[in-house]
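Working through the structure, step by step
Listed below, chain by chain, are the residues.
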Amino acid sequence: MKKLLILFVFTLLALQFRAVNIAKAEDLLYPFDSITIVEAFRFDVEITVLPSSTSLLYNQVELGDVLTVYVGALEFVKDGVPSSGSGNVLIITNEADVDLLQFLVNNYTFYPSVSVQWGFASHILIDPAVGVFKDMDILQSGSQEMTVYHDLTLDTWKLFDNTGLEMPFMVGTYAEEPSLNIVISAYGGV
Amino acid sequence: MKKVLLILLAFGILLGAFACSKDTTTTPDVTTTGEQEPLDQDSLLDSISNAIKAAFD
């Protein structure tokens, strides 16, 4: 009898832990109905090394091309008030003003007086009907991430592609708009 | 020994009930009306991209 009870208790506990793991794997949802762009910065990088075949920039750039990197700070708003925190968006544009990449922020690292780094990933998706969410299916099958790095001591900027290819900024191209209030509606007229 | 097992069992059931009732997601109130529909991801990101670029013009 005791053995049966012990077996039952452990089976129950095991099932519960499995239930918790499944809950963690669900997509994370953040509701909002509009987005406010509150600040942005940009800088240019020159392609001096061709990206490898696994790079997201492969076949999209040539040696000597100049890409413009835009990073915008976003606030997700619902009914006029911030609803689910903030985020950042990365836009990489070529000289023909064609966006090669648009990713939302996945991670942020700040070392005071040393560096700031943003990771922008393909598995952070945006669906106005539900919000910004992490697609765990993409994450598990191989997410791609681009990185923007700011060296605070040298005041320099770098873009890293998903393979780690380093693209330093072109001196004199950095610009920022620290006080924006641009509202983008998540809904459009039919 | 039986009491200990019964207490463990009760604790397990309570823990299970808590884990099952905890909802890790939020269900948004969609504000779409009959005259509006949500933009898809690409359209929304394009709007953000255009707005940021325009801010630097």
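Here the structure is a predicted model, which is why all the values come from computation and not from measurement.

From N to C terminus, chain B includes 2 helices and 1 strand. The helix and strand sequence of chain B, counted from the amino end, reads α-β-α. Buried positions account for 9% of the 57 residues belonging to chain B.

Attention now moves to the overall build of chain A. Scanning chain A from terminus to terminus reveals 2 helices and 13 strands. For chain A, with 190 residues in total, the buried portion stands at 27%.

Bringing the nonpolar core into the picture now. Ranked by internal contacts, the top residues of the largest apolar core, which has 39 residues, are Val69, Leu90, Leu104 and Phe120 of chain A. Setting aside residues up to four positions removed in sequence, Leu90 of chain A forms contacts with Val71, Leu101, Phe103, Phe120, Met146 and Val148 of chain A.

Let us look at the pairing of strand β9 (residues 156-160) of chain A. Residues and elements named next belong to chain A. Judged by which residues are buried, β9 turns out to be one-sided: Trp157 and Leu159 face inward and are buried, whereas Thr156, Lys158 and Phe160, on the alternate face, are not. Alignment of strand β8 (residues 145-151) against β9, held across 5 bridges, turns out to be antiparallel. By the bridge assignment for β9, His150 is matched with Trp157. The loop that links β8 with its antiparallel partner β9 comprises 4 residues; one of these, Asp155, has a positive phi angle of about 55 degrees. Bridging between β9 and strand β10 (residues 166-168) involves 3 bridges; their strand directions are antiparallel. Across the sheet, residue Leu159 finds its bridge partner in β10, namely Met167. Count of turn residues in the β9/β10 antiparallel hairpin: 5 residues, of which Gly164 carries a positive phi of about 90 degrees.

Moving on, we get to helix α2 (residues 41-55) of chain B. Every α-helical turn comprises 3.6 residues, leaving residues that sit three or four positions apart pointing alike. The first and last C-alpha atoms of α2 of chain B sit 21 Å apart over 15 residues, in line with the 21 Å expected at 1.5 Å per residue. All buried positions along α2 of chain B are accounted for by Leu44, Leu45, Ile48 and Ile52 of chain B. An end-on view of α2 of chain B places all buried positions within 95 degrees of arc, on one side of the element. Structural note: α2 of chain B exposes Asp42 and Ala54 of chain B on the side pointing more than 90 degrees away from its buried face. Packing partners of the buried residues in α2 of chain B comprise β1 (34-46), β2 (66-78), β3 (81-93), β4 (99-111), β6 (124-127) and β12 (182-185) of chain A.

Residues and elements named next belong to chain A. Tracing the chain through its elements places Ala73 in strand β2. Sequence separation between Ala73 and Ser115 is 42 residues, and the spatial gap between their C-alpha atoms is 18 Å. If we skip the residues at most four places from it in the chain, Ala73 touches Val38, Glu39, Ala40, Ser86 and Asn88.

What follows is about the pairing of β8 of chain A. Judged from the 7 bridges that link them, strand β5 (residues 115-121) of chain A and β8 of chain A form a sheet pairing that is antiparallel. The partner of Gly119 of chain A across the bridge, within β8 of chain A, is Thr147 of chain A.

On to the confidence of the model for chain A. For chain A, mean pLDDT is 88; residues scoring 70 or higher make up 85% of the total. Mean pLDDT in chain A bottoms out at helix α1 (residues 2-24) of chain A, which sits at 56, and peaks at β9 of chain A, which reaches 98.

All names here are of chain A. Although it is not a glycine, Asp97 sits at a positive phi angle of roughly 65 degrees. Inspection of the secondary structure puts Asp97 in the loop between β3 and β4. Despite not being glycine, Ser113 shows a phi value in the positive range, around 65 degrees. Here Ser113 lies in the loop between β4 and β5. The exposure class of Ser113 is exposed, given the 6 C-beta atoms found within 10 Å.

Right, let's get into the environment of Asp137 of chain A. Residue and element names in this part refer to chain A. Locating Asp137 in the fold gives a position in helix α2 (residues 136-142). Asp137 sits in the exposed class, given 10 other C-beta atoms within 10 Å. In the structure, Asp137 is positioned 94 residues away from Phe43 in sequence and 33 Å away in space, judged by C-alpha atoms.

The next point concerns the environment of Ala40 of chain A. Tracing the chain through its elements places Ala40 of chain A in strand β1. The sequence separation of Ala40 of chain A and Leu90 of chain A amounts to 50 residues, and the corresponding C-alpha distance is 9.9 Å. Setting aside chain neighbours within four positions, we find Ala40 of chain A in contact with Tyr70, Val71, Gly72, Ala73, Glu176, Glu177 and Leu180 of chain A together with Ile52 and Ala55 of chain B.

It is worth spelling out the confidence of the model for chain B at this point. Regions with low pLDDT should not have their predicted coordinates read in detail. All names here are of chain B. Taken as a whole, chain B shows an average pLDDT of 69; of its residues, 40% reach a score of 70 or greater. Element-level mean pLDDT values for chain B span from 60 in helix α1 (residues 2-21) up to 95 in α2. Across residues 22-34 the pLDDT falls below 50, and counting only partners more than four positions away or on other chains, this stretch makes 15 contacts in the model. For this predicted complex, the interface score ipTM comes out at 0.82, alongside a pTM of 0.75.

Criteria and cut-off values
- Within every chain, residues take consecutive numbers counted from 1 along the sequence as written.
- The lettering of chains begins at A and the numbering of ligands begins at 1, in the order of writing.
- Given that this is a predicted model, residues contribute local features only at a pLDDT of at least 70 and side-chain atom pairs are listed and counted only at 80 or more, while totals for whole chains, interfaces and linings are drawn from all residues.
- Under the DSSP-based scheme used, a helix requires at least four consecutive residues in state H or I and a strand at least two consecutive residues in state E, with every element numbered from the N terminus.
- Think of it as a crowd count around each C-beta: if 20 or more other C-beta atoms lie within 10 Å the residue is buried, if 12 or fewer it is exposed, and in between it is partly exposed, with C-beta placed from the backbone throughout.
- A set of buried residues qualifies as a nonpolar core if it consists of Ala, Val, Leu, Ile, Met, Phe, Trp, Tyr and Cys joined through C-beta atoms within 7 Å.
- Here the contact rule is simple: place C-beta atoms from the backbone, and any two residues whose C-beta atoms are within 7 Å are in contact.
- Here, a strand pair is defined by DSSP locating no fewer than two bridges between the strands.
- How far a helix is expected to stretch is found by multiplying one less than its residue total by 1.5 Å.
- Arc, as used here, means the arc of the directions from the helix axis to the C-beta atoms.
- pLDDT expresses, on a scale from 0 to 100, how confident the predictor is about each individual residue.

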